[in-house]
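# Commentary on secondary and tertiary structure
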Amino acid sequence: MQDFLGMQLIYTYDNGWEYEIYIKNEDTIDYRIHSGIVGGRWVRNQKVNLVELTPGIFKVAWTEPTGTDVSLDFMPNKNKTHGEIFFPKWVDEHPKLTVCYQNDFIDKMHKARNQYPTYPKTVVSEFSTITFQQHRGINNENVIAQAPYQGMVNDIKTGKL
Ligand SMILES: C=Cc1ccc(O)c(OC)c1
């Protein structure tokens, strides 16, 4: 567990979506979405359940202010992850409403999830390939501290960011 906490990982789902997560501490993540239908969305200090299923394999699961539920399995030693993402109907219908720095729009997310339909949900089940991982220490506020932009992943991978 100690080597997973503090990790920054970038991974690309088989459907093409590129995500970045920072495992901030034992119950908190920050993340950015670099591509896909909600590319541009980013979130800090999302509370999660994090467990080590077996040595080197981790599950991170949470429910979001949007009503989206997420369960991710990380296999960093194999450069693989698997995600199960449960989207309420409204996120499927109005994905762009969720593209923001969510921390500044929690009320907007709560209003939207009450106002728009939840069901039927859309379940996305996808493997991804980890293309970058590095240790950044625990509770590092500088890892995910600005909005995603075109070329940011390249800047991270080349050490410019
Ligand atoms: C819906 C959020 C979401 C979905 C899949 C992910 O891999 C993720 O990582 C931070 C977040």
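Residues numbered from 1 in each chain as written. Predicted model: local features only at pLDDT ≥ 70, side-chain atom pairs only at ≥ 80, totals over all residues. Heavy atoms only, no water.

The chain goes by Phenolic acid decarboxylase in an unreviewed UniProt entry, where it is assigned to Fructilactobacillus cliffordii.

## Structural notes on the sheet that holds strand β4 (residues 42-47)
One open sheet holds the nine strands; their spatial order is β4-β3-β2-β1-β9-β8-β7-β6-β5, and the pairing between them is antiparallel. Two strands bound the open sheet, and with one partner strand each, they are β4 and β5 (49-54). The sheet shows a mean angle of 25° between the axes of neighbouring strands, taken without regard to direction. Two strands pair when backbone bridges link them, and strand β2 (residues 18-25) and strand β3 (residues 28-33) are joined in this way by six bridges, in the antiparallel orientation. Of the residues in β3, the one forming a bridge with N25 is T28. (Pairing = 2+ DSSP bridges. Helix = DSSP H or I, 4+ residues; strand = E, 2+ residues; numbered from the N terminus. Axes fitted to C-alpha atoms, helices over the stretch in contact; angles between N-to-C directions.)

## Quick notes on the site of the ligand
Y11, Y13, Y19, I21, Y31, W62, E64, V70, L72 and I85 make up every residue found near the ligand. At 2.7 Å from an oxygen atom of the ligand is found a side-chain nitrogen or oxygen belonging to Y11. Starting from 310 Å² of accessible surface for the ligand in isolation, the protein chains cover 98%. Only β1 (7-13), β2 and β7 (69-75) provide two or more residues apiece to the shell around the ligand. Split into classes, the residues belonging to the shell around the ligand amount to nine nonpolar, no polar and one charged. (Near = heavy atom within 4 Å. Polar contact = N/O pair within 3.5 Å; in protein donor to acceptor, adjacent residues only side chain to side chain. Areas by Shrake-Rupley, 256 points an atom, 1.4 Å probe, with all protein chains shown as cover. Nonpolar A, V, L, I, M, F, W, Y, C, P; charged D, E, K, R; others polar.)

## A few points about the environment of R32
With respect to the secondary-structure elements, R32 resides in strand β3. Residue R32 is classed as buried on the basis of its relative accessible area, which comes to 1%. With 113 residues separating them along the chain, R32 and A145 place their C-alpha atoms 9.7 Å apart. Ignoring anything within four residues of it in the chain, the contact list for R32 reads Y19, E20, R41, W42, V143, I144, A145, Q146, A147, P148, M152 and I156. A distance of 2.8 Å separates polar atoms of two side chains, one belonging to R32 and the other to E20. A polar contact is formed between the side chain of R32 and the backbone oxygen of Q146, at a distance of 2.8 Å. (Buried < 20%, exposed > 50% of the residue type's maximum accessible area, 1.4 Å probe, protein only. Contact = heavy atoms within 4.5 Å.)

## Notes on the pattern of salt bridges
Applying the stated criterion across every chain, the model contains eight salt bridges. Of the charged contacts, one joins E141 and R44 as a salt bridge, the two residues approaching to 2.9 Å between their closest N and O atoms. Remark: R44 occurs in strand β4 and E141 occurs in the loop between β9 (122-135) and α3 (152-157); sequence separation between them is 97 residues. A residue is classified by how much of its surface remains accessible, and R44, at 16% relative accessible area, is buried. The partner of K89 in a salt bridge is E93, with the nearest N and O atoms 3.3 Å apart. Here the residue K89 and the residue E93 both occupy positions in helix α1 (residues 89-93), the gap between them amounting to four residues, near one helical turn. (Salt bridge = Lys/Arg side-chain N within 4 Å of Asp/Glu carboxyl O.)

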